[in-house]
Amino acid sequence: QFELRKWVTNDKKLQSLIDEKENNIILQNCESRKVLGLHWFTEKDSLEFDFNAILKLAEELPLTKRNILKISAMFYDPLGMISPITLQSKLIFHDICLNKYNWDTTLKPNHIEAWSKFIKGLKLLKRISVARHELCKCGNREVELHGFSDSSGEAYCACIYILNRCSRGTTVALLTSKCRLVPLKSFTIPRLELLACVLLSNLLISVLKALKGEVKVTAMFCWSDSM
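Since this is a predicted model, take the numbers as computed values, not measurements.

Moving on to the pairing of strand E1 (residues 32–35). Summarising the sheet, E1 and strand E2 (residues 38–41) pair through 4 bridges and their orientation is antiparallel. In the strand pairing of E2, Arg 33 is matched with Trp 40. A loop of 2 residues connects E1 with E2, the two strands running antiparallel in sequence, and Leu 36 in this loop sits at a positive phi of about 50°.

Time to look at a nonpolar patch on the surface. Judged by side-chain polarity, Phe 148, Tyr 161, Val 172, Phe 221 and Trp 223 come together as a nonpolar surface patch covering roughly 470 Å² of accessible area. Tracing the sequence through the fold places Phe 148 in strand E5 (residues 142–151). For Phe 148, a relative accessible area of 36% corresponds to the partly exposed category.

So, about helix H4 (residues 83–98). The periodicity of an α-helix, 3.6 residues per turn, causes residues three or four positions apart to be oriented the same way. Relative to the 22 Å expected for 16 residues at 1.5 Å per residue, H4 spans 22 Å between its end C-alpha atoms, a close match to the ideal helical length. Along H4, the positions that sit buried rather than exposed are Ser 83, Ile 85, Thr 86, Leu 87, Ser 89, Ile 92, Phe 93 and Ile 96. Lining the buried residues of H4 we find helix H3 (65–72), helix H5 (109–125), strand E4 (127–131), strand E6 (155–166) and strand E7 (169–181). At the C-terminal side of H4, Lys 100 shows a positive phi close to 55°.

Here we come to unusual backbone geometry. Peptide bonds are, in most cases, trans, and in most cases residues other than glycine have a negative phi. Despite not being glycine, Asp 45 shows a phi value in the positive range, around 55°. In this structure, Lys 100 is a non-glycine residue whose phi angle is positive, near 55°. By the element assignment, Lys 100 lies in the loop between H4 and H5. The class of Lys 100 is exposed, set by a relative accessible area of 72%.

How each quantity is defined
Residues numbered from 1 in each chain as written. Predicted model: local features only at pLDDT ≥ 70, side-chain atom pairs only at ≥ 80, totals over all residues. Heavy atoms only, no water. Pairing = 2+ DSSP bridges. Helix = DSSP H or I, 4+ residues; strand = E, 2+ residues; numbered from the N terminus. Patch = residues over 30% accessible without salt bridge, like charges linked within 9 Å, V, L, I, M, F, W, Y side chains within 5 Å. Areas by Shrake-Rupley, 256 points an atom, 1.4 Å probe, with all protein chains shown as cover. Salt bridge = Lys/Arg side-chain N within 4 Å of Asp/Glu carboxyl O. Buried < 20%, exposed > 50% of the residue type's maximum accessible area, 1.4 Å probe, protein only. Expected span 1.5 Å × (residues − 1). Contact = heavy atoms within 4.5 Å.

So this is what it looks like as structure tokens:
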């Protein structure tokens, strides 16, 4: 007899009925709702990454290996929409680990400078908003998927864009991405480019499973700048 609660919808009439039943007086006048750690603006139907809590904690805590891991773990990004940001924090922590710090030892000036630069960039961003729903805005249920993979000496990555053609024109949107740090074992760049291609292949399979029954994928393209 457990009653499921805290339902959220972008349908105003349905949400008002839910709020009334659950006595959500505060939520009735609030356009933003918390969904799995993200802010969902139901009016615009967009998800927002708000970094204020992370920035506040970064200012309060001393710069140690433990605290940088704690702050980095606060980023919640299941779709990889902010991979360029989360990757930076991972790279800094990775370099700290290579220097074999104790968990509560104060960092060296070069690592303090790298982390301070990262936090400064985060302050300029403050928040990022992305559309929650990127499929069939004009009724077209046929789409193309374009995947890209690349690598550097520090990390390799893959991302997938969805392309939708309809009477209103062509729209392209980032659907998902994944990044991986280069393993401690020494790898050549061609080897890492191959790892990026494998990452893209696996990501594409996951996307196809997720889109099955929702849209018809008419074409798929996987792009790499490596020969």
